[in-house]
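For reference, the chains in residue letters:
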Amino acid sequence: MIPVFFSYFALVSIAAGILTVSLRNPVHCGIALLALLGHVAGLFVLLHAEFVAVVQIIIYAGAILILYLFVLMLLNLKSEERYFHRRHAWYVTGVGALTVELLMVLLASRFSGAKGPATVEAVEEVGNSMAIGIVMFSDYLLPFEIVGVFLLGAIVGAIVLAKAPSSSEGEYR
Amino acid sequence: MVPVSAYVLVSAILFVTGLVGVLIRRNFIIVLMSVEIMLNAANINLVAFAHHLDSLAGQIMTLFVIAIAAGEAAVGLAIIIVVFRGKIATNVDQINLLKW
């Protein structure tokens, strides 16, 4: 059963990714990105990463994508007449060749490595969220705090950038 | 049982899709969306190897990547709003001059 679900999620997410890049209307691109995020969350569930899947839905689809759509509608961007960089279309050929090369290498690899302690059974004993929480607040405490400071900086930066310029500093944009 | 190389394949295809999007699209917001596709491809890779190697580190890195993506979206969209307010430019190739 898992291969069936995997093929569904994989094919739909790839199709949604291609649609996101190729659709003309930006709002349609946003909807295609939403489909991509949802199906990637499905892939996470298949990999026994339930907490990450839920975070993906709530943060990515619920917050980040809504922010994108909000700005799209705020700016009232019309569909582009000038759509692609025609001059740079040859990039696609190079990138495609690189992909084929990469896929050849990947399919031949066995990806062996040292196994960690968190087997599926061991994680299910305490629950996925609790297992992640224990590791995150012990081994990864410093990166966690750094991400907190980073988010604070992002909030302040976004507010300062997007604030309407007052008349006294009208020169400054 | 789906082998890990299948997930890596999906991830590689999605990453290249996002890369092509960044290279060929002109609209700011679509370029940022393509960056999100690339971040998602990286996330699939991280979670797939976390599952494959029985470790939680990949899942935690994925959570950090999602947090960074949120910050990037906020600041990037703020910059887009500033550019749109300052002069009517909705394409990345129209912004080719810094202030001097």
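One numbering rule holds for all chains: residues counted from 1, following each sequence as written. Ligands are numbered from 1 and chains lettered from A, in the order in which they are written. At least 70 in pLDDT is required for a residue's local features to be given in this predicted model, at least 80 for side-chain atom pairs to be given and counted, and no such filter applies to totals for whole chains, interfaces and linings, which use all residues.

Considerations on the overall build of chain B
Part 1: A run of H or I in DSSP becomes a helix once it reaches four residues, and a run of E becomes a strand once it reaches two; helices and strands are each numbered from the N terminus. When helices and strands are tallied, chain B shows three helices and zero strands.
Part 2: Reading the secondary structure of chain B in the N-to-C direction produces α-α-α.
Part 3: Computation of the radius of gyration draws on C-alpha atoms alone. For the globule rule, the value is 2.2 Å times the number of residues to the power 0.38. The C-alpha atoms of chain B give 17 Å as radius of gyration, which overshoots the globular expectation for 100 residues (13 Å, by more than 25%).
Part 4: Residues counted as buried form 51% of the 100 residues belonging to chain B.
Part 5: Contacts are defined on C-beta atoms placed from the backbone: any two residues whose C-beta positions lie within 7 Å are in contact. Contacts in chain B between residues at least 24 apart in sequence constitute 45% of all its contacts with a sequence separation of at least 6. The burial label depends on the number of other C-beta atoms within 10 Å of a residue's C-beta. Counts of 20 or more mean buried, 12 or fewer mean exposed, and intermediate counts mean partly exposed, with C-beta atoms placed from the backbone.

A word on the interface of chain B and chain A
Part 1: In this complex, chain B contributes 61 residues to the contact, which on the side of chain A involves 72 residues.
Part 2: Going through the elements one at a time, α1 (4–24), α2 (28–52) and α3 (57–86) of chain B are the ones with two or more residues in the side of chain B that touches chain A.
Part 3: Side-chain classes follow a simple rule in which Ala, Val, Leu, Ile, Met, Phe, Trp, Tyr, Cys and Pro form the nonpolar group, Asp, Glu, Lys and Arg form the charged group, and the remainder, Gly included, forms the polar group. Split by residue class, the side of chain B that touches chain A holds 41 nonpolar, 16 polar and four charged.

What to know about helix α2 (residues 26–46) of chain A
Part 1: The span expected for a helix works out to 1.5 Å for each residue beyond the first. For α2 of chain A, built from 21 residues, the straight-helix expectation of 30 Å at 1.5 Å per residue is met to within 8% by its first-to-last C-alpha distance of 30 Å.
Part 2: All buried positions along α2 of chain A are accounted for by Pro26, Cys29, Gly30, Ala32, Leu33, Leu36, Leu37, His39, Val40, Ala41, Leu43 and Phe44 of chain A.
Part 3: The inward-facing, buried residues of α2 of chain A contact α1 (2–22) and α3 (50–75) of chain A together with α2 of chain B.
Part 4: Downstream of α2 of chain A by one or two residues, histidine 48 of chain A has phi in the positive range, about 60°.

Quick look at the packing of helix α4 (residues 90–108) of chain A against α1 of chain B
Part 1: Taken N-terminus to C-terminus, the directions of α4 of chain A and α1 of chain B make an angle of 165°; their axes are 10 Å apart at the nearest point. The orientation of α4 of chain A with respect to α1 of chain B, classified from their angle, is roughly antiparallel. Remark: the crossing between α4 of chain A and α1 of chain B carries right-handed chirality. In this structure, α4 of chain A uses Tyr91, Val92, Val95, Thr99, Leu102, Leu103, Leu106 and Leu107 of chain A to contact α1 of chain B, whose residues at the interface are Ser5, Val8, Leu9, Ala12, Val16, Leu19, Val20, Leu23 and Ile24 of chain B.
Part 2: Its residues placed into classes, the contact of α4 of chain A with α1 of chain B shows 15 nonpolar, two polar and no charged. Axis geometry follows a simple rule: fit a line to the C-alpha atoms, using only the stretch in contact for helices, then measure angles between N-to-C directions, giving values from 0 to 180 degrees. For classification purposes, angles smaller than 35 degrees are called roughly parallel, those larger than 145 roughly antiparallel, those between 65 and 115 roughly perpendicular, and all remaining angles oblique. Two helices crossing with the near one rotated counterclockwise from the far one by less than a right angle form a left-handed crossing, whereas a clockwise rotation gives a right-handed crossing.

Some remarks on the packing of helix α7 (residues 141–162) of chain A against α3 of chain B
Part 1: Contact geometry for α7 of chain A and α3 of chain B: axes closest at 9 Å, N-to-C directions at 10°. In terms of orientation, α7 of chain A lies roughly parallel with respect to α3 of chain B. Contact with α7 of chain A, carried on its side by Pro143, Val147, Phe150, Leu151, Ala154, Ile155, Gly157, Ala158, Leu161 and Ala162 of chain A, involves Phe64, Ala67, Gly71, Ala74, Val75, Ala78, Ile79, Ile81 and Val82 of chain B of α3 of chain B and no other residues of that element.
Part 2: Across the contact of α7 of chain A with α3 of chain B, the residue classes break down as 17 nonpolar, two polar and no charged.

A word on the environment of leucine 33 of chain A
Part 1: You can see leucine 33 of chain A is positioned in helix α2.
Part 2: Sequence spacing of leucine 33 of chain A and isoleucine 18 of chain A is 15 residues, and the spatial spacing of their C-alpha atoms is 9.5 Å.
Part 3: When neighbours within four sequence positions are excluded, leucine 33 of chain A is seen to be in contact with Thr20 and Leu65 of chain A together with Met33 and Glu36 of chain B.

Some points on the domain arrangement of chain A
Accessible area lost upon the coming together of the parts is a frequently used measure of interface size.
Part 1: As assigned here, chain A comprises domain 1 (1–77) and domain 2 (120–164).
Part 2: What fixes the domain bounds is an automatic or database domain assignment. Computed from C-alpha coordinates alone, the two centres of domain 1 of chain A and domain 2 of chain A are separated by 21 Å.

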